Amino acid sequence: MKKSLIFLLVLITSITLYASDVILSNTLGAYYCSQEPNPKTYIKHTVEEPISIYWEDNVYPGFDEADSKLMVANYLDGVHLQTMALNTPDGKVRVYSYANVPQSYIDLVKEGYAATKEWTVRKAASSKAFEEAYDSKHGKYKDGYSRDSSPLKELSAAFREIDAKKSALTKQIEVEKAKLDLVITETTRDQMPHMNYTVKTDEVHFSELAYKVIYSDEVKITDNRTAEIIAYNRRIMQLFSTSLLPDFQGGNYYVPKALCGNGTEVFERGIFTTLKRGTSRKLGPNGGRYAKSQKTIGEK
């Protein structure tokens, strides 16, 4: 009986403490979300041809070999983005570029980008026509509509056509890109070549109490030619240990959906519109490597 009572008291205490952390994380999250900067995500304008970008990540910190390969594969196309610089875990900077890019490859990339823009337009038109014709609630076409109805049929056919063209061009670009000569130079931030833009990620520091329940980082994008910040994004995340959500994947540091602010990669691609969609990390900052690299929550 005594052991059962002790267990019950421990259980009640644990539940009470957990509930208090849940309330605290939501309360502090709401408070910091209401503070400046507001809005949490700001974009003055987008950039179609950045030509050169320096990424400085002070949260991981830096890009290791695996992450750098992903960045080159997903972002460095040799046309819209011709030079990329990344800070590394050892405090240095690696600069990536392609040597002697042939005009045939440049034309192919531009054709691929034009196809992607057309794909977006046709996709939107096809989706809109389908929504007008199809009753998703009852799982059937509305009266007077069918798969072969006009303009649904024509718009769907147009989308399939550009989708096939886009896929073929993407594969062709990847094949030709693999033939290019990648040049990698190791330098320092003070000595690296001038970059048109800088994408800088830093952790946002809270009070000791807030550190125990929430996390925040901020990305700022600067046009180095004018020293103007053209976009920023501050996101505030609830720690998994203080949420009511189950961690199905295991090892997560914070809840993937931000309390406020946008996802980092989605935000960056929203500015640099020609950057290929794809992850920039072998393991996301919500994964095991990130969690292991952090100090104990609450430590400075």
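Analysis parameters
- Counting starts from 1 at the beginning of each chain's written sequence and moves along it residue by residue.
- This being a predicted model, a pLDDT of at least 70 is required before a residue's local features are given, and a value of 80 or more before pairs of side-chain atoms are given or counted; all residues contribute to the totals for chains, interfaces and linings.
- In computing side-chain values, all of the structure's heavy atoms are included and hydrogens and water are not.
- Runs of E in the DSSP output that reach at least two residues are strands. Runs of H or I that reach at least four are helices, and both are numbered from the N terminus.
- Partly exposed residues are those whose accessible area sits between 20% and 50% of the maximum for their type, while under 20% is buried and over 50% is exposed, using a 1.4 Å probe and protein chains only.
- Working rule for contacts: check all heavy atoms of both residues, and any pair within 4.5 Å makes them a contact.
- Strand pairing is assigned whenever DSSP detects at least two bridges linking the two strands.
- Only the contacting stretch of a helix is used when fitting its axis, a line to C-alpha atoms as for every element, and angles between N-to-C directions run 0 to 180 degrees.
- Our working definition of a disulfide is a cysteine sulfur pair at a distance within 2.5 Å.
- Identification of polar contacts relies on pairs of N or O atoms within 3.5 Å, with a donor-acceptor requirement for protein atoms, meaning one able to donate a hydrogen and the other able to accept it, and with residues adjacent in sequence counted only if both atoms are side-chain atoms.
- Whenever Lys or Arg places a side-chain nitrogen within 4 Å of a carboxyl oxygen from Asp or Glu, that contact is recorded as a salt bridge.

Q: Any chance you could explain the side chain of Ser-68 here in plain terms?
A: Following the sequence through the fold, Ser-68 ends up in helix H2 (residues 65–75). A residue is classified by how much of its surface remains accessible, and Ser-68, at 3% relative accessible area, is buried. Contact partners of Ser-68, with chain neighbours within four places excluded, come to Phe-63, Leu-86 and Tyr-96.

Q: I tried to follow the sheet that holds strand E9 (residues 214–223) on my own but got confused; where do I start?
A: The pairing of strands in a sheet comes from backbone hydrogen bonds and takes either a parallel or an antiparallel form. An order of E1-E10-E9-E8-E2-E3-E4-E7 is seen for the eight strands of this open sheet, with the pairing classed as mixed. Each edge of the sheet is formed by a strand with only one pairing partner; in this case those strands are strand E1 (41–43) and strand E7 (181–187). The sheet shows a mean angle of 15° between the axes of neighbouring strands, taken without regard to direction. Relative to strand E10 (residues 228–238), E9 is paired through ten bridges, and the arrangement is antiparallel. Opposite Lys-220, over in E10, you have Tyr-232 as the bridge partner. Across the face of the sheet, H2 comes into contact with strand E2 (51–57), strand E3 (81–87), strand E4 (93–99) and E7 while running at roughly 160° to E3.

Q: For this particular structure, what's the right way to read the state of the cysteines?
A: Here a disulfide denotes one covalent bond, and it connects the sulfur atoms of two cysteines. Per the stated rule, a full pass over the model turns up one disulfide. The partner cysteine of Cys-33 in its disulfide is Cys-260, sulfur to sulfur 2.1 Å. Disulfide Cys-33 to Cys-260: torsion about the S-S bond roughly -95°, handedness left-handed. With Cys-33 in helix H1 (residues 2–34) and Cys-260 in the loop between E10 and helix H6 (264–271), this residue pair connects regions lying 227 residues apart in the sequence. Given the relative accessible area of 16%, Cys-33 is considered buried. Judged by its relative accessible area of 14%, Cys-260 falls in the buried class.

Q: Explanation requested: the environment of Ser-34 in the structure shown.
A: Locating Ser-34 in the fold gives a position in helix H1. Each C-alpha atom of the pair Ser-34 and Cys-260 lies 9.2 Å from the other, and the pair is 226 residues apart in sequence. There is a polar contact of 3.2 Å between the side chain of Ser-34 and the side chain of Gln-35.

Q: It is not clear to me how the pattern of salt bridges should be interpreted in this structure. Could you clarify?
A: Where side chains of opposite charge bring their charged atoms close, a pairing between them can arise. Inspection of every chain in the model, using the stated rule, returns 14 salt bridges. Across the pair Arg-94 and Glu-186 runs a salt bridge, and its minimum N-O distance is 3.5 Å. Of this pair, Arg-94 sits in strand E4 while Glu-186 sits in strand E7, placing them 92 residues apart in sequence. Using a relative accessible area of 16% as the deciding quantity, one classes Arg-94 as buried. The partly exposed category is assigned to Glu-186, whose relative accessible area is 44%. Among the salt bridges present, the one from Arg-122 reaches Glu-118, with a minimum N-O distance of 2.4 Å. You can see Arg-122 and its partner Glu-118 sitting in helix H3 (residues 103–133), four residues apart, about one turn around the helix. Using a relative accessible area of 31% as the deciding quantity, one classes Glu-118 as partly exposed. The network of salt bridges with common partners includes Glu-65, Lys-92, Arg-94 and Glu-186.

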